[in-house]
Amino acid sequence: MTASSDRRLPNPTPRPDDERDQLERIWSTPKGWRILSAVNNTAVGVAYIGGAFLFFLMAGVLALVMRTQLSVPENQFLDQDLYNQIFTVHGTTMMFLFAVPAIEALGVLLLPQMLAARDLPFPRLSAFAIWAYMIGGLVFFSTIFYDLAPKGGWFMYPPLTLTEYSPGHNADFWLLGIGFIEISAIAGAVEIVVGTLKTRPPGMSLARMPIFAWSMLIFAGMIMFAFPAVILATMLLEIERSFGWPFFTAAKGGDPLLWQHLFWFFGHPEVYIIFLPAAGLVSMIVPTMARHRLVGYNLIVVALIATGFFSFGLWVHHMFTTGIPALSLGFFSAASMAVAIPSGIQVFSWIATMAAARERFRITTASLFVLGFLFIFTIGGLTGVLVALVPLDFQLHDSYFVVAHFHYVLVGGMVFPLFATFYYWITMVSRNQLSERVGRWVFWLMFLGFNIAFLPMHWTGLSGMPRRIWTYPPSLGWDGLNMISTVGAFILAAGVLLFVVDLLRRFRPGQRENENPWGAGTLEWLPADVYSTRSIPRVSSREPLWDQPGLAEDVEAGHYYLPNAPTGGRETIVTSPVEAEPEYIIRMPGNGWGHVWAAIFTAACFLLLTVKVVVPALICALLAIASCIAWAWQLDHGPGKEPVEIGGGIKLPTYMSGPSSHSWWAMSVLILVAASLYVAFAFSYLYLWLVSPQVWAPHGSPPLPTPSWAIGTALLLALGTAIIVVANRLLPAPGRRDIRGVLLLFLAAACLAAAGLVELFVHWNSGLRPTANAYGAMVYMASALNLQVAFAVLIMAGFTVARAFVGRVDRERRVTFDNTLMLFVYGVAQTLLGLILVHGFPRAVG
Amino acid sequence: MSHSRPTTPMVPSLLGLALGGCEGVQSALSASGDEAHDIRLLLWIAGAVCAATLVLVLVFGILAFNGSARVRAWIARDQLIVSGGLVLPVVVLSGLLAYALLVLQAGAARSAFAGEPSVTIIGKRWWWKVIYRDSEGREVVSANELRLPLGQPISLRLITDDVIHSFWAPKLAGKLDMIPGRTNVLTVQSNEVGVSRGQCAEYCGGAHALMAFYVVTLPEEEYQAWLAREASKALPPATEAEKRGHAVFVESGCGACHTIRGTEARGTIGPDLTHVGSRMSLAAATLPNDANSFARWITDNQHIKPENLMPPFRHFKAGELDTLANYLDSLK
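Each chain carries its own residue numbering, running from 1 in the direction its sequence is written. A letter from A marks each chain and a number from 1 marks each ligand, given out in the order of writing. This being a predicted model, a pLDDT of at least 70 is required before a residue's local features are given, and a value of 80 or more before pairs of side-chain atoms are given or counted; all residues contribute to the totals for chains, interfaces and linings.

Next up on the list: the sheet that holds strand 10 (residues 212-218) of chain B. One key point about sheets: their strands pair by backbone hydrogen bonds, in either a parallel or an antiparallel sense. All names here are of chain B. Paired strands, in this sense, are two strands between which DSSP finds at least two bridges. Helical segments are the DSSP runs of H or I of at least four residues, strand segments are the runs of E of at least two, and each set is numbered from the N terminus. The strand order across the open sheet built from 5 strands is 4-10-9-6-7, with neighbouring strands paired in mixed fashion. This sheet does not close on itself; its edge strands, each paired only once, are strand 4 (145-149) and strand 7 (176-178). Strand-to-strand twist in this sheet, taken as the mean axis angle between neighbours without regard to direction, amounts to 25°. For strand 9 (residues 194-200) and strand 10, the ladder comprises 6 bridges, and the chain directions are antiparallel. Across the sheet, residue Gly194 finds its bridge partner in strand 10, namely Thr217. Helix-sheet contacts for helix 5 (residues 220-231) involve strand 4 and strand 10, and the interaxial angle to strand 4 is about 135°. The angle between two axes is taken between their N-to-C directions and runs from 0 to 180 degrees, where each axis is a line fitted to C-alpha atoms and a helix contributes only its stretch in contact. Here contacts are defined at the residue level, using C-beta atoms placed from the backbone and a cut-off of 7 Å between them.

What follows is the structure in structure tokens.
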């Protein structure tokens, strides 16, 4: 088969000259300070990765400060309180402000290119998440400079972090920092799930998706189920700190272990949330350097899915020393070891691919970092097997052995692949490559420094040194080991510093000159500009650039799909989730300020709440909501444009509602997140009952209100549902203005809110108080979560009414209406579940 | 930075001598207890298996990179991934898991044999309250030190008064947490006469780093003799100086927080001082136990162990501090 004979190109004829100018104009990034309003994935992606890397450097400096303190016994360099703050900020920053955002940044930056999409489907959402994260993260980090930093360790176990033992705002700043990362993680998950499932190029079925996209899809899926647990945990902790609802206070029926369950149900998957995408990056680099397709692609996909799945069954291995029953110990030990298997599959896959190399596996700085990753991560995985053995964990847990273990896993599993990524993909965003010569120095300094720093820590821990101690007496056998670790840390830091210097010398924003410097096979190496690729290819293999001759030239000449901007704005092709057949053209919002203001006011609101300045905080909350509304007002543009031709005789609509639309998928992701949160709550309720049945109604607390109240509330929900069915029918025909339907929608939302308020009222009337005991706290928490959803539904319904008032809602232009309806239905389901739990469960067991 | 610099907390060199070189006194690798022994063997075996696995991966890695075309072709197959990534780990991990569960089972059997806990250890910020129950069921309150009879399994009841702590004496056994609202039981058996060291392993805020303790294993008769002495009331002040020291103790209000059995001092907030002079250390293995340390501690404890819950006392007249320190040191 020759390059030309079998090519049936969608747009075979030469394209008009002005098309490229039009694309450039539409996708241009604003200049000067207005760049803050940019939403293009290359612009915000660079800011995102830059911000994450800045946090890496700052938290790394904190690590050096700690290593300096620990270099000799009884050192006076730092004092106790500052050291406790520093290790808390180091861990929190590395995990929450560096690792997760860095991965999301790579998703934002690389995914659209790998999928040859013009952008991810919700560019302003990404930009919003990034700005909120930057502001919140910087404020959080700066607390270390004025003695306000949290000092409870990055997992903040209560009761140490309750007001009694941690007065002051320090712990609240931790909760603030986490709040932002929760927002940006959820936003990222929405973006990435919809992006990978709906904006792939035609022909890229799931089986042809690059491994990095697979890993990001699983990453996003894991965020959907893991993050809600920590969102709930942080809500409970802040509520207990601020209002004294005793979720974690044993004397009132709470349990400090509830925090540990919720935190680690998030915290363990979190490790894989960080590692899987990094492994995905490695799976992209290895085939390029081997000039050979990935051996065991299918096995790797299975391994990624298996890891994501298993990772939710291991959280208790962080709690082996809490005295839990032997049966649980055995189960979670087995599960913890099982998760090593998918990692083994990946390691051997990469080795097999290297062996399959055409000629030899090429040694570049990127491949050195990949090899370094393989070595370090393998050791981390193997020491992970050791800590998964329960009796061994009794000795190793919370010692320096564990410090060594998780740095091997996280630095090996995430930081080394990240540096490989910097060297490999830098030309996505910079005209120059990084120096390969300097890169060798960077690698060897980092590799040797890392191992010199962390290998001895295994022995330090076995010699009895616990983690999180700011000083130690001499002659326990720890002195020499600690000194070696400190020296290693500085060597590692020298490597990072050298990288930064080289980066500053060579980084020049802009498009690369050499299109495909490594001769890679995936779509991100197509010629590209701010609008991504000139046209969107149809792919027929996993490495289209290797298997489809002439692809780059044809794409660049506009011979593939959508070589222009037929709607006159930003757009990309939405395809079906499995086979990736074109479905419609998504019209995406461009640069704007609404999301920037929303981020600023959200950050301001949280900050003011943290220092308990309530009224200005509420004003900021209102301004944040107003900004969101202003931002969303420009969306849901409706089917105003005719279907457009994208080439190859394919004509696509430019508007979509219902289950094919990106908005439906995004709302579904959000609802899954909310549902996970509520499931985590239900677990917490039942868990606390198991621990403290004595405080439950009817014996330990005022008896429940009579069943008629619950039934009445349920009827209210049923009424709301009936109203919304009618509302749906009353939507006007296109072009007509009729607000009866949306007014009913608002009425239904009001029913939902009223149901939540009635619940609150009847429990208050029964004499139950949230501060009385853990049961009361849980009952009111159920209502708090329901009212939270109801509040969102009310705002969305009000927004829909406003849009209908100006004729922007009808039977076809109905995404705004549909989204409100979906969240409403979810809210009804959640509130009903709450009624069953709160009114039914105590009766069933009492 | 507004924080004041602590003066050097120090384990006494004398104690160092008594501990016979000291290195390894807190090491899981120099096990002296049954559980720690079992765990160390598990560590060596599992560690060796892991090291062998690492070598295997490295060999394959090197061959993949540098091997002959034939070797590389042999490596570059799906079968390698399945055997190396699936079969090998399943076999090895199952073996290790079974072994680990057997070790766990052995520990459970020891606990059953030891019976009801005879020692209660209460985690406090940042010290350990230790309550022995003697053969007649009387409670004997001590602190920051665990004494054990040689070669007998002893169950320790671990609880906390405030935040989460974790009791870890690496030479004896693994650690076990102390959690509000819960009671955990750890069974230990020490097979060597001598002194070892332990430390709080769960970060408990402030002075977590300075919350350590000593474990002293004594032959059975010596242990019983010690326990009988520990159960007795404090010796009345013998010398004139000690009497003055006792008077300073009373006048300074020390009894509001501390107990000296046999005197009117009955406070329970701080450690029981009835026989404080006979312990291995002061302030949870932070200072050596001598008169000078008592004096330093009383006046300067917020520098020695920042944030500890005892306020510094500095309003003594000339000579009072010394007599107080000497009196406390005499409480053997």
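Residues and elements named next belong to chain A. One can describe the packing of helix 2 (residues 41-70) onto helix 3 (residues 80-114) by two numbers: an axis separation of 8 Å at closest approach and a directional angle of 155°. Looking at the two axes, helix 2 sits roughly antiparallel to helix 3. The two elements helix 2 and helix 3 cross, and the hand of that crossing is left-handed. Among the residues forming the contact of helix 2 with helix 3, the class breakdown is 26 nonpolar, 7 polar and 1 charged. By definition in this entry, angles of less than 35 degrees are roughly parallel, angles greater than 145 are roughly antiparallel, angles of 65 to 115 are roughly perpendicular, and the rest are oblique. Should the near helix be turned counterclockwise from the far one by less than a right angle, the crossing is left-handed, whereas a clockwise turn marks it as right-handed. Residue polarity is assigned by list, with Asp, Glu, Lys and Arg as charged and Ala, Val, Leu, Ile, Met, Phe, Trp, Tyr, Cys and Pro as nonpolar; anything else, Gly included, falls into the polar class.

For the rest of this paragraph, the subject is the domain arrangement of chain B. All names here are of chain B. Where each domain begins and ends is defined by an automated method or by a domain database. The domains assigned to chain B are domain 1 (34-114), domain 2 (117-228) and domain 3 (240-329). Taken over C-alpha atoms, the centre of domain 2 sits 22 Å from the centre of domain 3. Facing the 20 residues of domain 2 at the interface are 13 residues of domain 3. Only strand 2 (127-133), strand 3 (139-143), strand 9 and strand 10 provide two or more residues apiece to the side of domain 2 that touches domain 3.

All names here are of chain A. Under the domain assignment used here, chain A contains domain 1 (42-506), domain 2 (517-652) and domain 3 (671-845). Centre-to-centre, using C-alpha coordinates, domain 1 lies 28 Å away from domain 2. The partner domain 2 presents 51 residues to the 47 residues of domain 1 that form the contact. Among the elements of the structure, helix 3, helix 4 (123-142), helix 5 (170-198) and helix 7 (256-290) are those that each provide at least two residues to the side of domain 1 that touches domain 2. Per-element accounting of the side of domain 1 that touches domain 2 gives the leading share, 9 residues, to helix 4.

Relative to the helices and strands, Val230 of chain A resides in helix 6 (residues 211-243). Residues contacting Val230 of chain A, with those up to four places away along its chain left out, are Leu262, Phe263 and Phe266 of chain A.

All names here are of chain B. Burial along strand 6 (residues 165-168) is two-sided: the face carrying His165 and Phe167 and the face carrying Ser166 and Trp168 are both buried. Relative to strand 7, strand 6 runs antiparallel, the two being bridged by 3 bridges. Bridge assignment links Ser166 to a residue of strand 7, and that residue is Asp177. As defined by bridge partners, strand 6 adjoins strand 9 across 2 bridges and the pair is classed as antiparallel. Residue pairing in the sheet places Trp168 in a bridge with Gln199 of strand 9. As a rule, residues whose C-beta atom has 12 or fewer other C-beta atoms within 10 Å are exposed, those with 20 or more are buried, and those in between are partly exposed; C-beta atoms are placed from the backbone.

On the chain A side, the residues contacting the 79 residues of chain B number 67 residues. The biggest single contributor to the side of chain B that touches chain A is helix 4 (residues 78-114) of chain B, with 17 residues. Classifying every residue of the side of chain B that touches chain A gives 47 nonpolar, 20 polar and 12 charged.

What follows concerns the sheet that holds strand 5 (residues 154-160) of chain B. All names here are of chain B. Pairing within the open sheet is mixed, and its 5 strands lie in the order 3-2-1-5-8. Because the sheet does not close on itself, it has two edges, and the strands there are strand 3 and strand 8 (184-188). Averaged over all adjacent pairs, the angle separating strand axes in this sheet is 25°, with direction ignored. In this structure, strand 1 (residues 119-124) lies alongside strand 5, joined through 5 bridges in parallel fashion. Looking across to strand 5, one finds that Ile122 is bridged to Ile159.

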